[in-house]
Amino acid sequence: MIDLHYWPTPNGKKVTILLEECGLPYRIVPCRIGFGDQFKEEFLRISPNNRMPAMVDHEPADGGEPVALFESGAIMMYIAEKAGQFYPQDLRARHEVNQWLIWQMANQGPKSGECGHFRRLRDTEGDQSYAVRRFTDEVNRLYGVMNNRLYDRRYLIGDEYTIADMICYPWTVRWKDQQQDIEEFPYFRRWFEEVGARPAVQRGMDVSSGEAIDYANLSDEERERLKKLLYNQRARPAPEGGLL
């Protein structure tokens, strides 16, 4: 059984899509990022970067102790390898997949996240126009990267549907909120519609983990507390008595 520490964000949904595609049994462990669950000591033991998703596989292939992983890309490589699906082992195809996993983790995810972050704050944190324009344009550029890649191939690495497609898809679903027009990207749109029509993708996208926070019903003091907790984080002090 795989425990997936999860909240229904694009980064979480990448992994639930893969689990649904593979048909592996898993259990959702809610990580309520709006309440700060990601800072709890028990979560930090498996995800030292205080970000979800994180995974614990209680039945690893080597029969040993449970395997704990953080970072969605690493989790997806592990699950696909465990299942023997969606991650080709041919040298060239495997590294084609790897480069798109890294592209997503280094480019599409962070830039889309920043685009959303500054759009949410532009009405409460002063002039965010440069940041909004900067990241909206960068997200547009990244849609163009995918569009050009998909010009002459069905999926990101060719004719084979892989974890490269699954890791990218959830970050494209809210293209309207990113102020993008997918009519500008016809090859991307064809891929987007085909991937989105897969039953396992739909199940993975629908996985829930409890009620979201209704910020409208919080007091000003509680909203301020959560804002301080979630934004502008700095380094956590390390315990004393370590190796120096």
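Scroll up a little and you will see the structure.
All of the points below concern the structure found in this document. (Residues numbered from 1 in each chain as written. Predicted model: local features only at pLDDT ≥ 70, side-chain atom pairs only at ≥ 80, totals over all residues. Heavy atoms only, no water.)

Counted under the stated rule, the structure contains eleven aromatic pairs. Aromatic side chains W100 and W103 sit 5.1 Å apart centroid to centroid with 65 degrees between the ring planes, which places their arrangement in the edge-to-face category. Here W103 and W100 lie together in helix 4 (residues 91-121), a separation of three residues that amounts to about one turn. Both residues of the pair, W100 and W103, belong to the buried class. Among the aromatic side chains, those forming a connected cluster through ring pairs are Y143, Y169, F185, F188, W191 and F192. Here R134 stacks its cationic end above the ring of F135, 5.4 Å away from the centre of that ring. One cation-aromatic arrangement involves R198 over Y161; the distance from NZ or CZ to the ring centre is 3.8 Å. (Phe/Tyr/Trp six-rings, centres within 6.5 Å; stacked < 30°, edge-to-face > 60°. Helix = DSSP H or I, 4+ residues; strand = E, 2+ residues; numbered from the N terminus. Buried < 20%, exposed > 50% of the residue type's maximum accessible area, 1.4 Å probe, protein only. Lys NZ or Arg CZ within 6 Å of the ring centre and 35° of its normal.)

To continue, consider the nonpolar core. Note that soluble globular proteins tend to have their nonpolar side chains buried in a common cluster. Within the largest apolar cluster, 52 residues are counted, with the highest numbers of intra-cluster contacts made by L18, I79, I163 and W191. Elements represented by at least two residues in this core include exactly strand 1 (2-6), helix 1 (10-22), helix 3 (72-83), helix 4, helix 5 (129-149), helix 6 (163-168), helix 7 (186-196) and helix 8 (199-206). Tallying contributions element by element places helix 5 first for this core, with seven residues. With residues up to four places along the chain from it excluded, the contact list for I163 reads L18, M76, M77, A80, F86, Y87, V97 and L101. With seven residues, the next largest nonpolar core counts W7, F43, I46 and V56 among its residues. (Core = buried A, V, L, I, M, F, W, Y, C linked by side-chain atoms within 4.5 Å. Contact = heavy atoms within 4.5 Å.)

Bridging between strand 1 and strand 2 (residues 26-30) involves five bridges; their strand directions are parallel. Note on strand 2: the bridge partner recorded for D3 is R27. With respect to chirality, the unit in which strand 1 leads through helix 1 into the neighbouring parallel strand 2 is right-handed. (Pairing = 2+ DSSP bridges. Right-handed = clockwise from strand over helix to strand, strands pointing away.)

Attention shifts here to helix 7. Within helix 7, burial applies to F188, W191, F192, V195 and G196. Down the axis of helix 7, the buried set is contained in an arc of 120 degrees. They therefore lie on one face. (Arc of directions from axis to C-beta.)

With that settled, the discussion passes to the packing of helix 1 against helix 8. Between helix 1 and helix 8, the least distance of the axes is 7 Å, while the angle of their chain directions is 135 degrees. When the interaxial angle is binned, helix 1 and helix 8 end up oblique. Considering the relative orientation of helix 1 and helix 8, their crossing is right-handed. Across the interface between the two elements, K13, T16, I17, E20 and E21 of helix 1 pack against A200, V201, R203, G204 and M205 of helix 8. (Axes fitted to C-alpha atoms, helices over the stretch in contact; angles between N-to-C directions. Parallel < 35°, antiparallel > 145°, perpendicular 65-115°, else oblique. Left-handed = near helix turned anticlockwise from the far one by under 90°.)

A few words now on the pattern of salt bridges. By the definition in use, this model includes 16 salt bridges. With its nearest N and O atoms 2.6 Å apart, the salt bridge here joins E194 to R154. In this pair, E194 is assigned in helix 7 and R154 in the loop between helix 5 and helix 6, connecting sequence segments 40 residues apart. A cluster of three or more residues bridged by salt bridges with shared partners is formed by R32, D37 and K40. (Salt bridge = Lys/Arg side-chain N within 4 Å of Asp/Glu carboxyl O.)

Now for the layout of surface pockets. Empty space within the largest pocket amounts to approximately 2,100 Å³. Split by residue class, the lining of the largest pocket holds 20 nonpolar, 16 polar and 13 charged. (1 Å grid on protein atoms, 1.4 Å probe; cavity = no way out; pocket = protein on both sides within 12 Å on 5 of 7 lines; lining within 4 Å. Points joined across faces, edges and corners; volume = space filled by probe spheres on them. Nonpolar A, V, L, I, M, F, W, Y, C, P; charged D, E, K, R; others polar.)

Here the focus is the environment of E20. Topologically, E20 is positioned in helix 1. For the pair formed by E20 and V207, sequence separation is 187 residues and the distance between their alpha carbons is 9.9 Å. Residues contacting E20, with those up to four places away along its chain left out, are Y26, A200, R203 and G204. Within polar-contact distance, the side chain of E20 engages the side chain of R203 at 2.9 Å. (Polar contact = N/O pair within 3.5 Å; in protein donor to acceptor, adjacent residues only side chain to side chain.)

What follows deals with the side chain of N50. Assignment of secondary structure puts N50 in the loop between helix 2 (41-44) and strand 3 (54-57). By relative accessible area, N50 is classed as buried at 10%. Leaving out residues up to four positions away in the same chain, N50 has contacts with Q38, F39, F43, L44, Q233 and R236.

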